[in-house]
Amino acid sequence: MALVSLRQLLDHAAENSYGLPAFNVNNMEQIHAIMQAANEVGSPVILQGSAGARKYAGEAFLRHLVAAAVEAYPHIPIVMHQDHGASPAVCIQAIRSGFSSVMMDGSLREDGKTPASYDYNVDVTTQVVGIAHAVGVSVEGELGCLGSLESGMAGEEDGHGAEGKLDHSQLLTDPEEAADFVKKTGVDALAIAIGTSHGAYKFTRPPTGETLAINRIKEIHARIPNTHLVMHGSSSVPQEWLKIINEYGGDMGQTYGVPVE
Amino acid sequence: MRKVNIDTDLRIASTGAVRRFLAENRKDFDPRKFLLAATAAMKNICKARFEAFGSAGQASKIKALSCDTMAERYKKGELAQVVK
């Protein structure tokens, strides 16, 4: 079956009204777990590698682990996606590695920390779309910064994410701006900010409409109906495992994620 | 939402599984055993997500297109974005 592009898989998902989890991969055990699960239930797969993953495993190891998954499960369509590319250069390196999809995160400057201007975001994302589409690779962009609507604090994970306190307008993607962004850049998928943050410490209590802006998703989707929306910072933080960690010597305290439903 | 990124859930499940395995098997020193426990814990989360999001059962319905074919489709304008 081999590698497919994110665009092909998400178009199929949209036509058939389903969604896809995208799992971050860093090592063999994670890839085994994802592929065994997909094989048992017959699901297509999105594997994604962050800059942190490449640093941990090394580009060659990551590339060959994914190649092994493609070889071992020829009947399962697999997208290999680069998570949070901090610059066009990083995206082009991923394309050369054989990724079938890249994320150009121009919501932050190249340091992966400083919120960038809208014009900067449009500029770098347009550059990546031009190159990626020429070789059939799909592109995910990002508009708005991930962070908590409870505290205004931005969220960092794996060395990526804004720092410090942000105002409400930075933490929620504007539908008007999303429409303009897609028109100018031609991205296939767009990560939007609706109050989620990276990592395990997302919400101090189960999220509500005030801390997780679900209505915003509908408003944005109405403007850009065939651009696939992406939720980052969307782990659910399984309470049963949190309890086991705290029971067996860990100290993570109490924290809540985004409900699966 | 069409694509939902999940990282932390697998981290938490594998850490919990390793902590529990090592605490309950104090004489064991074969990393394969605690890594298998971690793999099993992550696999259960993955299966639950594939099922919850409805992607389970869809693999065989997709006819994979190569990136070269996708490049052709972009060039022809078949994949242009709609903005309202």
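Residues numbered from 1 in each chain as written. Chains lettered and ligands numbered in written order. Predicted model: local features only at pLDDT ≥ 70, side-chain atom pairs only at ≥ 80, totals over all residues. Heavy atoms only, no water.

### Remarks on the overall build of chain B
Point 1. For chain B, the helix and strand inventory stands at three helices and one strand.
Point 2. Put simply, chain B runs from its N terminus to its C terminus through helices and strands in the order β-α-α-α.
Point 3. Across its three principal axes, chain B shows a C-alpha extent of roughly 65 × 30 × 20 Å.
Point 4. For chain B, with 84 residues in total, the buried portion stands at 39%.
Point 5. Carbon and sulfur atoms make up 53% of the accessible area of chain B, which totals about 4,600 Å².
Point 6. Distance from the positive charge centre (18 side chains) to the negative charge centre (9 side chains) of chain B: 3 Å. (Helix = DSSP H or I, 4+ residues; strand = E, 2+ residues; numbered from the N terminus. Buried < 20%, exposed > 50% of the residue type's maximum accessible area, 1.4 Å probe, protein only. Areas by Shrake-Rupley, 256 points an atom, 1.4 Å probe, with all protein chains shown as cover. Lys, Arg positive; Asp, Glu negative; His and termini not counted. Charge placed at Lys NZ, Arg CZ, Asp CG, Glu CD.)

### Digging into the overall build of chain A
Point 1. If you tally the helices and strands in chain A, you get ten helices and seven strands.
Point 2. Against the globule reference of 18 Å for 261 residues, chain A gives a C-alpha radius of gyration of 18 Å, in line with a compact fold.
Point 3. Along the first, second and third principal axes, the C-alpha set of chain A runs to 50 × 45 × 35 Å.
Point 4. Looking at chain A as a whole, 60% of its 261 residues are labelled buried.
Point 5. A separation of at least 24 residues holds for 68% of the contacts in chain A among residues at least 6 apart in sequence.
Point 6. Counting only carbon and sulfur atoms, one obtains 54% of the accessible surface of chain A, whose full area is about 10,000 Å². (Rg over C-alpha atoms; globule rule 2.2 N^0.38 Å. Contact = heavy atoms within 4.5 Å.)

### Some thoughts on the layout of surface pockets
Point 1. Approximately 390 Å³ is the volume attributed to the largest pocket.
Point 2. Together, 19 residues line the largest pocket, and Ile214, Met231, Pro259, Val260 and Glu261 of chain A are the ones closest to its centre.
Point 3. Those elements giving two or more residues to the lining of the largest pocket turn out to be helix 9 (214–223) of chain A together with strand 1 (3–6) and helix 2 (31–53) of chain B.
Point 4. Considering every element that reaches the lining of the largest pocket, the biggest residue donor is helix 9 of chain A, with three residues.
Point 5. Its residues assigned to classes, the lining of the largest pocket comprises eleven nonpolar, four polar and four charged. (1 Å grid on protein atoms, 1.4 Å probe; cavity = no way out; pocket = protein on both sides within 12 Å on 5 of 7 lines; lining within 4 Å. Points joined across faces, edges and corners; volume = space filled by probe spheres on them. Nonpolar A, V, L, I, M, F, W, Y, C, P; charged D, E, K, R; others polar.)

### What about the environment of Gly85 of chain A?
Residues and elements named next belong to chain A.
Point 1. Within the secondary structure, Gly85 is located in strand 3 (residues 78–85).
Point 2. The exposure class of Gly85 is buried, given its relative accessible area of 0%.
Point 3. In the structure, Gly85 is positioned 34 residues away from Ala51 in sequence and 7.3 Å away in space, judged by C-alpha atoms.
Point 4. Those residues in contact with Gly85 that sit more than four places away from it in its chain are Val90, Cys91, Met103, Met104 and Asp105.

### Focus on the packing of helix 8 (residues 175–185) of chain A against helix 9 of chain A
All names here are of chain A.
Point 1. Here helix 8 crosses helix 9 at 35 degrees, and the two axes come no closer than 9 Å. Crossing of helix 8 over helix 9 shows right-handed handedness. Residue-level contacts link Pro175, Glu176, Ala178 and Ala179 of helix 8 to Arg216, Glu219, Ile220 and Arg223 of helix 9.
Point 2. For the contact of helix 8 with helix 9, the per-class residue count stands at four nonpolar, no polar and four charged. (Axes fitted to C-alpha atoms, helices over the stretch in contact; angles between N-to-C directions. Left-handed = near helix turned anticlockwise from the far one by under 90°.)

### Looking at the pattern of salt bridges
Pairing between side chains of opposite charge can happen when the charged atoms of each approach one another.
Point 1. Applying the stated criterion across every chain yields a total of 15 salt bridges over all chains.
Point 2. Two residues, Asp188 of chain A and Arg7 of chain A, come together in a salt bridge whose shortest N-O distance is 2.8 Å. Placement of the pair is Asp188 of chain A in the loop between helix 8 and strand 6 (189–192) and Arg7 of chain A in helix 1 (residues 6–15), with a sequence separation of 181 residues.
Point 3. Judged by its relative accessible area of 1%, Asp188 of chain A is buried.
Point 4. Ionic pairing is found between Glu40 of chain A and Lys47 of chain B, a salt bridge with its closest N-O pair at 2.7 Å. Remark: Lys47 of chain B occurs in helix 2 and Glu40 of chain A occurs in helix 2 (residues 28–41); the pair is interchain, linking two chains. (Salt bridge = Lys/Arg side-chain N within 4 Å of Asp/Glu carboxyl O.)

### Points about the interface of chain A and chain B
Point 1. Chain A puts 88 residues into the contact, and the matching count from chain B is 54 residues.
Point 2. Counting across the interface, chain A meets chain B through three salt bridges.
Point 3. Inspection of the region where chain A meets chain B yields 41 residue pairs in polar contact (both at pLDDT 80 or more).
Point 4. If one sorts the elements of the side of chain A that touches chain B by residue count, helix 2 of chain A sits on top with ten residues.
Point 5. Taken together, the residues of the side of chain A that touches chain B break down into 47 nonpolar, 30 polar and eleven charged.
Point 6. Inspection of the sheet shows strand 7 (residues 228–231) of chain A paired to strand 1 of chain B by two bridges, in the parallel sense. The residue of strand 1 of chain B that forms the bridge with Val230 of chain A is Lys3 of chain B. (Polar contact = N/O pair within 3.5 Å; in protein donor to acceptor, adjacent residues only side chain to side chain. Pairing = 2+ DSSP bridges.)

### Considerations on the nonpolar core
Nonpolar side chains in soluble globular proteins generally cluster together in the buried interior.
Point 1. Within the largest apolar cluster, 71 residues are counted, with the highest numbers of intra-cluster contacts made by Ile34, Val45 and Leu190 of chain A together with Phe50 of chain B.
Point 2. Take this core: its biggest share by element is seven residues, from helix 2 of chain A.
Point 3. Apart from the residues lying within four places of it in its own chain, the contact partners of Leu190 of chain A are Gly141, Glu142, Leu143, Ala178, Phe181, Val182, Ile224, Thr227, His228, Leu229 and Val230 of chain A.
Point 4. Ranked by size, the runner-up nonpolar core spans 15 residues in total, among them Tyr18, Ala22, Met103 and Ala189 of chain A. (Core = buried A, V, L, I, M, F, W, Y, C linked by side-chain atoms within 4.5 Å.)

### A word on helix 8 of chain A
Residues and elements named next belong to chain A.
Point 1. Those residues of helix 8 not exposed but buried are Pro175, Ala178, Ala179, Phe181, Val182 and Thr185. Axial view of helix 8: buried residues confined to an arc of 165 degrees, hence all on one face.
Point 2. Where helix 8 is buried, its residues meet helix 6 (118–134), strand 5 (138–143), strand 6 and helix 9.
Point 3. One or two positions beyond helix 8, positive phi appears at Gly186, with a value near 75 degrees. (Arc of directions from axis to C-beta.)

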